[in-house]
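Chain by chain, the residues run as shown.
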Amino acid sequence: MLNIALPKGRLGEQVYEAFARAGFPCPSIREDSRKLIFTNEAADVSYFWVKPSDVAIYVERGAADVGVAGKDILLEYEPKVYELLDLGLGKCRVAVAAQAGWRDNTQYTLRVATKFTHIAKQYYHSVGRNIDIIHLNGSIELAPILGLSDVIVDIVETGTTLRENHLEVVETIVPVSARLIANRANFKFKTASIERLVRELSKGTEGGA
Ligand code: PRP
């Protein structure tokens, strides 16, 4: 039985469709219910829905054999998992953004609001800029508007959230997409089915056979 952690939401639904096409279907998952676990004994597969930022924890600790997590989460938390495949879904980027027309004044410590504190620290360390990190959990875009920070480091997908709040991208830090990850120990016991999953999934991704 392959245990798969899917990120709850629109991305997770796209990912399930890809897994079903890859030979791991579980039709009961389409039931409109609050259930979190769906099993298909015939296909030897069990899916569970978890908060997107928690997928890597389930996989790292072996509660799930495989899962799908954004590259942003993998860079931020550096879970000890195998990263097996770029699914080419959920494409976006982690970027620095500020109020339109903002210019950096390097005489001052830069105040950076973000939930990606590790990515932000690494990025500013690499460019040699002193920063003061302000950790927030959501609505990051408010911070520069209210004067809580100079810039934000956040996910930009369509750019709508920035535009509607009169913010603009200053710099892209890293492109992001959904990755298939696997628990290191479980990979050894379930190599055949995980490799079949990777092979079949890669047929449906860009650059796949
Ligand atoms: C993310 C991110 C931005 C928004 C960007 O938030 O934090 O607010 O999406 O998308 P856009 O460029 O298409 O407007 P999300 O909806 O994931 O919720 P969050 O506030 O919990 O991060």
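Attention in this report is confined to the structure presented alongside it. Sequence order as written defines residue numbering, which begins from 1 separately in each chain. The predicted origin of the model limits local features to residues at a pLDDT of at least 70 and limits the giving and counting of side-chain atom pairs to 80 or more, whereas totals for whole chains, interfaces and linings rest on all residues. Processing note: side-chain calculations cover all non-hydrogen atoms of the structure and skip hydrogens and water entirely.

## A few points about the environment of glycine 88
Then comes step 1: Strands here are runs of E lasting at least two residues and helices are runs of H or I lasting at least four, both read from the DSSP assignment and numbered beginning at the N terminus. Structurally, glycine 88 can be placed in the loop between β5 (82-86) and β6 (92-99).
Then comes step 2: On the basis of relative accessibility, which here comes to 23%, the residue glycine 88 falls in the partly exposed class.
Then comes step 3: Separated by 90 residues in sequence, glycine 88 and alanine 178 have C-alpha atoms that sit 6.3 Å apart. Relative accessibility under 20% of the residue-type maximum defines a buried residue, over 50% an exposed one, and the middle range a partly exposed one, all with a 1.4 Å probe and only protein chains included.

## Structural notes on helix α1 (residues 10-21)
Then comes step 1: By definition here, a helix of n residues has an expected span of 1.5 Å times n minus one. With 12 residues, α1 should cover 16 Å at 1.5 Å per step; its first-to-last C-alpha distance of 17 Å lies within 8% of that length.
Then comes step 2: Residues of α1 that are buried: Gly12, Val15, Tyr16, Ala18, Phe19 and Ala20.
Then comes step 3: Note on contacts: a residue pair is in contact if any heavy atoms of the two residues lie within 4.5 Å. Against the buried residues of α1 lie β1 (2-7), β3 (45-50), β4 (66-70), β11 (178-182) and α8 (191-203).

## Some points on the nonpolar core
Then comes step 1: In this description, a nonpolar core means a group of buried Ala, Val, Leu, Ile, Met, Phe, Trp, Tyr and Cys residues linked to one another through side-chain atoms lying within 4.5 Å. If you look at the biggest cluster of nonpolar residues, it comprises 29 residues, and the most contacted ones within it are Ile4, Leu6, Phe19, Tyr47, Leu180, Leu197 and Leu201.
Then comes step 2: Elements represented by at least two residues in this core include exactly β1, α1, β3, β4, β11 and α8.
Then comes step 3: Of the residues forming this core, the biggest block, 5 residues, is contributed by α1.
Then comes step 4: Those residues in contact with phenylalanine 19 that lie beyond four places of it in its chain are Ile4, Phe24, Tyr47, Val68, Leu180, Leu197 and Leu201.

## Thoughts on the site of the ligand
Then comes step 1: Close to the ligand lie Lys115, Glu141, Asp154, Ile155, Val156, Glu157, Thr158, Gly159, Thr160 and Thr161, which account for all nearby residues.
Then comes step 2: One of the side-chain N or O atoms of glutamate 141 is found 2.7 Å from an oxygen atom in the ligand.
Then comes step 3: Burial of the ligand by the protein amounts to 60% of the accessible area it has alone, namely 490 Å².
Then comes step 4: We place a 1 Å grid over just the protein atoms. Points where a 1.4 Å probe fits but has no way out form a cavity, open points with protein on both sides within 12 Å along at least 5 of 7 lines form a pocket, and any residue with an atom within 4 Å of a point lines it. Think of it this way: if more than half of a molecule's atoms are within 2 Å of a pocket's grid points, that molecule is in the pocket or cavity. Cavity membership is defined here by more than half of the atoms lying within 2 Å of grid points; on that basis the ligand lies in the largest pocket.
Then comes step 5: Sorting the residues of the shell around the ligand by element identifies β9 (151-156) and α6 (160-164) as the ones contributing at least two each. Any residue with a heavy atom positioned within 4 Å of a molecule or strand is treated as near that molecule or strand. Each polar contact in these results corresponds to two N or O atoms within 3.5 Å; when the atoms are within protein, one needs to be able to donate a hydrogen and the other to accept it, and residues that are neighboring in sequence are counted only if both atoms are side-chain atoms. Where accessible areas are quoted, they stem from the Shrake-Rupley method and a 1.4 Å probe; at the residue level, only the protein chains shown are allowed to cover.

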